[in-house]
Amino acid sequence: HLGVGSPFFQDVIRHQQASAYADWFEVEQWSDPDSGKDFRYKGWFGIQDLPEIKENSGGLTEGPSNYVMNITRRWMRPRWDSADPNLKGMSLGIDGWRLDVAFCVAHAFWKKWSGYVKSLNPEAYLTAEVIDEAHKLKPYLQGDEFDAVMNYPFAFEGSEFFINDKSRPSVPEFQERMNALVNVFGYERFLSQQNLFGSHDANRIASH
């Protein structure tokens, strides 16, 4: 999604079907004062402040897709405008990305985007927020999309063992659950996950 105040969506509000960005968003009904029809669009998870970007079989339509690619290049390959000849043109871009709600965009787009990121920096670290059961995370971790996911299954199992006094699993049970996670991801891939105990979307460990 983008924000309702983004210049692209504001252009759509002003110019409706004539906007250069008319095909960027999930528009349900165009404004038509003559017939009394109001402008309606799909908000991400129903939130109208967050107009949802249109998707297709490739993940995102051409305009939003190009926009994301340009953003990616902007932050991975910024250029210094400096009088110092040693800094002229030096690239000091970011080293990785965390993608919020990655499950809301089709795998086809992430494959395309990941390939572009790695072409800019083969060592860039890519982690996706996908809150789900471990076996449902595997499609993101086949080597052509993300290096890691936010490993919430690890967080939930860890909090149960270290914090839950009422239904704490036994040590062998906890070990078995950890082994199961390692087996789902594979040992090397498991070590590269964003293994966490809490986040801004879940209880912090102190809150538990």
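Residues numbered from 1 in each chain as written. Predicted model: local features only at pLDDT ≥ 70, side-chain atom pairs only at ≥ 80, totals over all residues. Heavy atoms only, no water.

Structural notes on the pattern of salt bridges
Enumeration over the complete set of coordinates arrives at nine salt bridges. Asp 11 serves as the salt-bridge partner of Arg 14, at 3.8 Å between the closest nitrogen and oxygen. Here Arg 14 and its partner Asp 11 are both found in helix α1 (residues 7–15), three residues apart, which amounts to about one turn of the helix. Note that Asp 100 and Arg 98 form a salt bridge whose closest N and O atoms lie 3.1 Å from each other. Here Asp 100 falls in the partly exposed class, since its relative accessible area comes to 40%. Since its relative accessible area comes to 33%, Arg 98 is described here as partly exposed. Connected via shared salt-bridge partners are Arg 98, Asp 100 and Glu 129. (Salt bridge = Lys/Arg side-chain N within 4 Å of Asp/Glu carboxyl O. Helix = DSSP H or I, 4+ residues; strand = E, 2+ residues; numbered from the N terminus. Buried < 20%, exposed > 50% of the residue type's maximum accessible area, 1.4 Å probe, protein only.)

What about the nonpolar core?
Counting residues in each nonpolar core, the largest one holds 38 residues, and the members touching the most others are Trp 110, Trp 113 and Phe 146. Sorting the residues of this core by element identifies α1, α2 (62–76), β5 (96–99), α3 (107–120), β6 (125–128), α4 (152–162) and α5 (171–185) as the ones contributing at least two each. The element that contributes the greatest number of residues to this core is α3, accounting for five residues. The contact partners of Phe 146, leaving out residues within four places of it in the chain, are Leu 99, Ala 102, Trp 110, Trp 113, Leu 126, Thr 127, Ala 128, Tyr 140, Leu 141 and Arg 189. (Core = buried A, V, L, I, M, F, W, Y, C linked by side-chain atoms within 4.5 Å. Contact = heavy atoms within 4.5 Å.)

Considering the sheet that holds strand β7 (residues 148–151)
As summarised here, the arrangement of the four strands in space is β5-β6-β7-β8, forming an open sheet in which the pairing is parallel. The sheet is open, and its two edges are formed by β5 and β8 (194–195), each paired on a single side. Examined bridge by bridge, β7 and β8 share two bridges and lie parallel to one another. By the bridge assignment, Asn 151 is partnered in β8 with Asn 195. (Pairing = 2+ DSSP bridges.)

Some points on α2
Spanning 15 residues, α2 covers 21 Å between terminal C-alpha atoms, matching the ideal 21 Å at 1.5 Å per step. Of all the residues in α2, the buried ones are Pro 64, Ser 65, Met 69, Thr 72 and Met 76. Buried positions in α2, seen along its axis, are confined to an arc of 140° and lie on one side of it. Packed against the buried residues of α2 are β5 and α3. (Expected span 1.5 Å × (residues − 1). Arc of directions from axis to C-beta.)

Description of the packing of aromatic side chains
The tally for this structure, following the rule as stated, stands at 26 aromatic pairs. Measuring from centroid to centroid gives 5.0 Å for Phe 9 and Phe 25, while their planes differ by 75°, and the two rings are edge-to-face. Residue Phe 9 is found in helix α1, and its partner Phe 25 is found in the loop between α1 and β1 (27–29); the two are separated by 16 residues along the sequence. Both residues of the pair, Phe 9 and Phe 25, count as buried. A ring pair is formed by Phe 154 and Phe 197, whose centres lie 5.5 Å apart and whose planes are at 45°; its orientation type is tilted. Taken as a pair, Phe 154 in helix α4 and Phe 197 in the segment after β8 lie far apart in primary sequence, 43 residues in all. (Phe/Tyr/Trp six-rings, centres within 6.5 Å; stacked < 30°, edge-to-face > 60°.)

A closer look at the environment of Phe 197
Note on Phe 197: relative accessible area 35%, which makes it partly exposed. For the pair Phe 197 and Glu 123, spaced 74 residues apart in sequence, the C-alpha to C-alpha distance is 26 Å. Residues within four places of Phe 197 in sequence aside, it is in contact with Phe 154, Ala 155, Gly 158, Phe 162, Asn 203 and Ile 205.

Focus on the side chain of Ser 159
Tracing the backbone shows Ser 159 in helix α4. For Ser 159, a relative accessible area of 10% translates into the label buried. Those residues in contact with Ser 159, other than ones at most four positions away along the chain, are Asn 164 and His 208.

None of the figures reported here should be taken as evidence of function without further support.
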